[in-house]
Amino acid sequence: MCDRKRSFPPSLTFYIYIYIFEMLFDGFRKLFKRKLVVVDPEPVIEPVIVPELPVEKKRVTLSTLSDLSVGKYAHDIKGRELEEDIAYILPNDDEEIDRLREQHEVVKYAFQSNYHAPIRPLLEMGISVFDSGCGPASWIMDMAETYPSSQFTGIDIAFVFPSDVQLSNVDLQVCHIGRDIPFKDESYDYFHQRLLGLGLTAADWDKALENAYRILKLGGFIELGEPNMKTYQHMGPLTKQMQDTLARLSESKGMVPDVAVQLEDRLRIAGFKNIDTVQIPYPLNHTNRVGDMFWKDSVRMFTNIRPVLAADNSLFEDEDYFNEHMASIGIECNERKTNILGHIVCAQKPWH
């Protein structure tokens, strides 16, 4: 991808432009400042149709990635591929890739948007966008098609991208946001990352935000989206047992299951300004279609990591027991109106 550098003359017109832009952003920021957004019980939208995209599966090795450290593969009791020497507990197979594709549609349906940062006019004009942990590239392909004037770069730790990327404004690469990444300083206008709480250690988070700050242009925006995986709203005992198991497992690998509540502080420490948070309760198996969709995604996620969970709770080795247990959790979430509390945090790299 070619880098497009912008140069502005030190004229009065330029400083007037900067002043107007900052005033507009301040207005967006005040509008965006709400700390709690209640999801519409029934959003008006056409039924979601999950596209069937061809996926090319490749086992990525260091020899194919120069000196980028992206980990090795291990196998669980059913032969499913799991990342071994990086902090990522989800499998790397077709079932998980399908789940991630559908998850994108679930999140888009629930939020009625692909992003929350105040960047629509910039996207329409044409900017450089970086998507960290893009997985099968569902978000980035959706955005690239919607905003053809903008350029999009996506990275992931494994080659799980569509085998036939026909959009000329998309570049997909294999590398780890928690390591050194081969992108130039101040080369992107918008940095997007979501749902990597089960993929990054505390140290990885520090490095990821360091990378984001470095590659963002002055005044560039960052947007992070994570649920609090350590505790839910209105949890029952069965739900708490499962979340405690997941929290112990992730913490044993150095991950941060409640990173969602730390994002503001982490962004501030990394040097970002104008930090705003939106907290959104995701209903879990209750209230509306959104609740049904998030529950189905949760069941698929926990099913995909069942062999890993079984290392903490041997009862989960029995697939029938596990399925019955998940069904009981679903009933409990419905009765107690359990919610996952998602945090979407936007910030800006200072102009100077």
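Everything numeric in this text was worked out from a predicted model, so none of it was measured. (Residues numbered from 1 in each chain as written. Predicted model: local features only at pLDDT ≥ 70, side-chain atom pairs only at ≥ 80, totals over all residues. Heavy atoms only, no water.)

Q: In this structure, what is going on with the overall build of the chain? I would like to understand it.
A: Looking only at helices and strands, one finds 10 helices and nine strands in the chain. Residues counted as buried form 54% of the 352 residues belonging to the chain. Counting contacts in the chain only where the partners sit at least 6 residues apart, residues at least 24 apart contribute 75% of the total. (Helix = DSSP H or I, 4+ residues; strand = E, 2+ residues; numbered from the N terminus. Buried < 20%, exposed > 50% of the residue type's maximum accessible area, 1.4 Å probe, protein only. Contact = heavy atoms within 4.5 Å.)

Q: What is the right way to read the pairing of strand β9 (residues 339–348) from this model?
A: The side chains of a regular strand alternate, first on one face of the sheet and then on the other. Within β9, 10 of the 10 residues are buried, which leaves it mostly tucked inside the rest of the structure. In the sheet, strand β7 (residues 216–227) pairs with β9 via seven bridges, with the strands oriented antiparallel. Of the residues in β9, the one forming a bridge with Glu 226 is His 343. Sheet analysis places strand β8 (residues 273–283) next to β9, joined by nine bridges and oriented antiparallel. Looking at the pairing, Gln 279 lines up with His 343 of β9. (Pairing = 2+ DSSP bridges.)

Q: How should I be thinking about a negative patch on the surface in this particular structure?
A: Among the surface-exposed residues, Glu 317, Asp 318, Asp 320 and Glu 324 lie close enough to one another that they form a single negatively charged patch. Tracing the chain through its elements places Asp 318 in the loop between α9 (306–309) and α10 (319–336). Judged by its relative accessible area of 41%, Asp 318 is partly exposed. (Patch = residues over 30% accessible without salt bridge, like charges linked within 9 Å, V, L, I, M, F, W, Y side chains within 5 Å. Areas by Shrake-Rupley, 256 points an atom, 1.4 Å probe, with all protein chains shown as cover. Salt bridge = Lys/Arg side-chain N within 4 Å of Asp/Glu carboxyl O. Lys, Arg positive; Asp, Glu negative; His and termini not counted. Charge placed at Lys NZ, Arg CZ, Asp CG, Glu CD.)

Q: Would you take a moment to explain the packing of helix α5 (residues 202–215) against helix α7 (residues 263–270) for this structure?
A: A pair of packed helices can be characterised by two numbers: the angle between their axes and the separation between those axes. Where α5 meets α7, the closest approach of the two axes is 10 Å, and the angle between their N-to-C directions is 50°. Taken together, the axes of α5 and α7 are oblique relative to one another. Here α5 runs over α7; the crossing is right-handed. Of the residues in α7, those touching α5 at Ala 202, Trp 205, Asp 206, Leu 209 and Tyr 213 are Leu 263, Arg 266, Leu 267 and Ala 270. (Axes fitted to C-alpha atoms, helices over the stretch in contact; angles between N-to-C directions. Parallel < 35°, antiparallel > 145°, perpendicular 65-115°, else oblique. Left-handed = near helix turned anticlockwise from the far one by under 90°.)

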